[in-house]
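# Analysis of the macromolecular model
Chain residues, written in single-letter form:
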Amino acid sequence: MTDPAGGYGWRAGPAGAAARAERSHGDEPAAIGVLLLPRTLESFILRDQAEDLLSAPGIVAVEPARISYGAYLRLPASVGDGLAATQAKRLKLPGVPRLIVIFHPLQYPLARGLIAQHPDVELWYWQWDRFDAAYDASPRQRDRLQELHLAASLRAKKNVVVTDALGALVDEEAGPAQLIPLAADSFPAPDPGATVVAVSLGHLGHRTDWKLLRAVAEGMPELVLLLIGAWHEAESGHDEDFQACRRAPNLLWLGHRSDEEAARLIALADVGIVPFERSDFNETGLPYRILKYARLGRRTVSRDLAGVRTWANAVTTAETPAAWIAALRAHAGARVKPDAELREWAFAQTAHAQNRPLWERIEALGIESGRLGSERVSSDDTPSRSRRKRRARTPDSAG
């Protein structure tokens, strides 16, 4: 809730002091604890612990004013103190403060102004960093931070620190510090044992089956999909399934990456995917990524497109979202046990090996190829069935 008169916003839980104040109708003001937040609650590094305290009916959080705390550091000390005192007088609270908690030395001038109005209030100073050694502060500003830090720690009834090392720096006159390490309640933590990591390498635009990809992402919360390649808003931005994929937390859009980077990202995955829609354009193509995945021992999940069957030994085909999910889950854990046989097959698919029929024709035309005799003998003596048929149909072919 924003307080237009004071320029601050104060926050409370559903059953907090704000709700109680609205119900009081002139009764005795409630005793409250005030958390002076250095940032908005959503961006505050100690958000989890602040929200836990805000579950108490008597605790409210005050977010920064339009004039930031950083302004105190840029102003002469006397001017900053005067500004803080004025802000403290303008601050409207839904009760009488019995506790004030600050989280940065720059908040101490405001806290001091509130203490002047409420002499019996208790001050807590919560420290999670060496504020006086800030990288972005000048020597003069560091001196000011150190001055405010010392004053706050000496005035505080309780110095709260996140490490014993910070506690050891608290002035002895301030008494022993209270160790309260960090919490990360709100940080997502998917079950790592169930996680399946997939990777898509290449174009992310009109060839992609966004409806399928969205259904797989929504139906498989344990999926982590690394999307390597540029995405094309001009091609797919109008598609609501594309937009849903852009918002999906388990789809990580990594943009264009070099081959060196892409190879290492593929090494982090269990399986590669070809998320192409079924179309005339996609049906007969041979997605290059299949071979790239295989060179790192990763199989590919794809629709059963005709072109994909060329490398059928490296591909698991699936059509429906349910079938895709089952196929992806079947590859869970492959990132720590890559398919060595598939990797060996992929390394054998060299340009020289793939070009063998072309080399044979070059030699048949009397053009010097530089190939070893053993290569020529090997290829001439062991023609594949398909090549024998081709020669029968083509009298002028090599051999």
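Residues numbered from 1 in each chain as written. Predicted model: local features only at pLDDT ≥ 70, side-chain atom pairs only at ≥ 80, totals over all residues. Heavy atoms only, no water.

Every buried residue of helix H10 (residues 240–247) is listed here: Asp241, Phe242, Ala244 and Cys245. Down the axis of H10, the sector holding all buried residues measures 160°, keeping them to one side. Residues of H10 that are exposed and point more than 90 degrees away from the buried face comprise Glu240 and Arg247. Along its buried surface, H10 packs onto helix H8 (210–219), helix H9 (233–236) and strand E11 (251–255). Two or three places before aspartate 241, at the start of H10, stands the capping residue aspartate 239, its side-chain oxygen 2.8 Å from that residue's backbone nitrogen. (Buried < 20%, exposed > 50% of the residue type's maximum accessible area, 1.4 Å probe, protein only. Helix = DSSP H or I, 4+ residues; strand = E, 2+ residues; numbered from the N terminus. Arc of directions from axis to C-beta. Contact = heavy atoms within 4.5 Å. Polar contact = N/O pair within 3.5 Å; in protein donor to acceptor, adjacent residues only side chain to side chain.)

All right, on to the sheet that holds strand E13 (residues 300–302) then. Within a sheet, each strand pairs with its neighbour through backbone hydrogen bonds, oriented either parallel or antiparallel. Pairing within the open sheet is parallel, and its six strands lie in the order E11-E10-E9-E12-E13-E14. The open sheet terminates on both sides in strands that have one partner only, identified here as E11 and strand E14 (315–317). Pairwise comparison of adjacent strand axes, ignoring direction, gives a mean angle of 30° for this sheet. (Pairing = 2+ DSSP bridges. Axes fitted to C-alpha atoms, helices over the stretch in contact; angles between N-to-C directions.)

This structure, assessed with the given rule, holds nine aromatic pairs. A ring pair is formed by phenylalanine 44 and tryptophan 128, whose centres lie 5.9 Å apart and whose planes are at 75°; its orientation type is edge-to-face. Here the residue phenylalanine 44 occupies a position in the loop between strand E3 (31–36) and helix H2 (47–54), and tryptophan 128 occupies one in the loop between strand E6 (122–127) and helix H6 (139–155), the gap between them amounting to 84 residues. The buried category is assigned to tryptophan 128, whose relative accessible area is 17%. Put simply, the rings of Phe44, Phe103, Trp126, Trp128 and Phe131 pair up and form one aromatic cluster. (Phe/Tyr/Trp six-rings, centres within 6.5 Å; stacked < 30°, edge-to-face > 60°.)

As a further point, take the pattern of salt bridges. Applying the stated criterion across every chain yields a total of 16 salt bridges. Arginine 278 is the salt-bridge partner of glutamate 319, the closest N and O atoms lying 2.9 Å from each other. In this pair, glutamate 319 is assigned in the loop between E14 and helix H14 (321–330) and arginine 278 in the loop between strand E12 (271–274) and helix H12 (280–283), connecting sequence segments 41 residues apart. Classification of glutamate 319 by relative accessible area gives partly exposed; the value is 30%. Salt bridges sharing partners connect three or more residues here, namely Asp209, Arg278, Glu283, Arg303 and Glu319. (Salt bridge = Lys/Arg side-chain N within 4 Å of Asp/Glu carboxyl O.)

Quick look at the packing of H8 against H10 now. Any two packed helices are characterised by how steeply their axes cross, that is the angle between the axes, and by the distance between the axes. Relative to each other, H8 and H10 sit at 40°, their axes nearing to 8 Å. The angle between H8 and H10 places the two elements in the oblique class. The way H8 lies across H10 gives a crossing that is left-handed. Residues Trp210, Lys211, Leu213 and Arg214 of H8 pack against Glu240, Asp241, Phe242, Ala244 and Cys245 of H10. Broken down by class, the residue content of the contact of H8 with H10 amounts to five nonpolar, no polar and four charged. (Parallel < 35°, antiparallel > 145°, perpendicular 65-115°, else oblique. Left-handed = near helix turned anticlockwise from the far one by under 90°. Nonpolar A, V, L, I, M, F, W, Y, C, P; charged D, E, K, R; others polar.)

Our next topic: the packing of H8 against H14. Packing of H8 against H14 brings their axes to within 9 Å, and their N-to-C directions diverge by 60°. As summarised for this structure, H8 and H14 are arranged oblique, according to the angle between their axes. For H8 against H14, the interelement crossing comes out right-handed. Between H8 and H14, the residues in contact are Leu212, Ala215, Val216 and Gly219 and Pro321, Trp324, Ile325, Leu328 and Arg329, respectively. Residues of the contact of H8 with H14, tallied by class, amount to seven nonpolar, one polar and one charged.

A few words on the pairing of strand E10 (residues 223–228). Among the six residues of E10, five are classified as buried, and the element is accordingly described as predominantly covered. What joins strand E9 (residues 196–201) to E10 is H8, and the crossover it makes is right-handed. Of the pairings in the sheet, the one linking E10 to E11 comprises four bridges and is parallel in character. Counted as the bridge partner of leucine 226 is leucine 252 from E11. (Right-handed = clockwise from strand over helix to strand, strands pointing away.)

Right, let's get into the pairing of strand E5 (residues 96–102). Side chains on a regular strand alternate between the two faces of the sheet. Summarising burial for E5: five of the seven residues are buried, a large majority. Relative to E6, E5 runs parallel, the two being bridged by four bridges. The partner of valine 101 across the bridge, within E6, is tryptophan 124.

Core analysis: the largest hydrophobic core is formed by 49 residues, its most contacted members being Leu35, Leu36, Ile100, Ile102, Phe103 and Leu123. Among the elements that take part in this core, helix H5 (residues 108–117) stands out by supplying five residues, more than any other. If we skip the residues at most four places from it in the chain, leucine 123 touches Ile100, Ile102, Tyr108, Ala111, Ile115, Ala152, Arg155, Ala156, Lys157 and Lys158. Formed by 25 residues, the second largest nonpolar core is a distinct cluster that contains Leu213, Cys245, Ala248 and Ala327. (Core = buried A, V, L, I, M, F, W, Y, C linked by side-chain atoms within 4.5 Å.)

Before going further, it helps to examine the confidence of the model for the protein chain. Within the protein chain, residue pLDDT values average 87, and 87% of them lie at 70 or more. Segment residues 1–7 is flagged for pLDDT under 50; beyond a separation of four residues in sequence, or across chains, it makes 18 contacts in the model. (pLDDT = per-residue confidence, 0-100.)

Attention shifts here to H14. Those residues of H14 lying buried are Trp324, Ile325, Ala327 and Leu328. Buried residues in H14, looked at end-on, bunch into an arc of 165°, giving them a common side. Turned more than 90 degrees off the buried face of H14, the exposed positions are Ala322 and Ala330. Close packing links the buried residues of H14 with E9, H8, E10, E12, E13 and E14.

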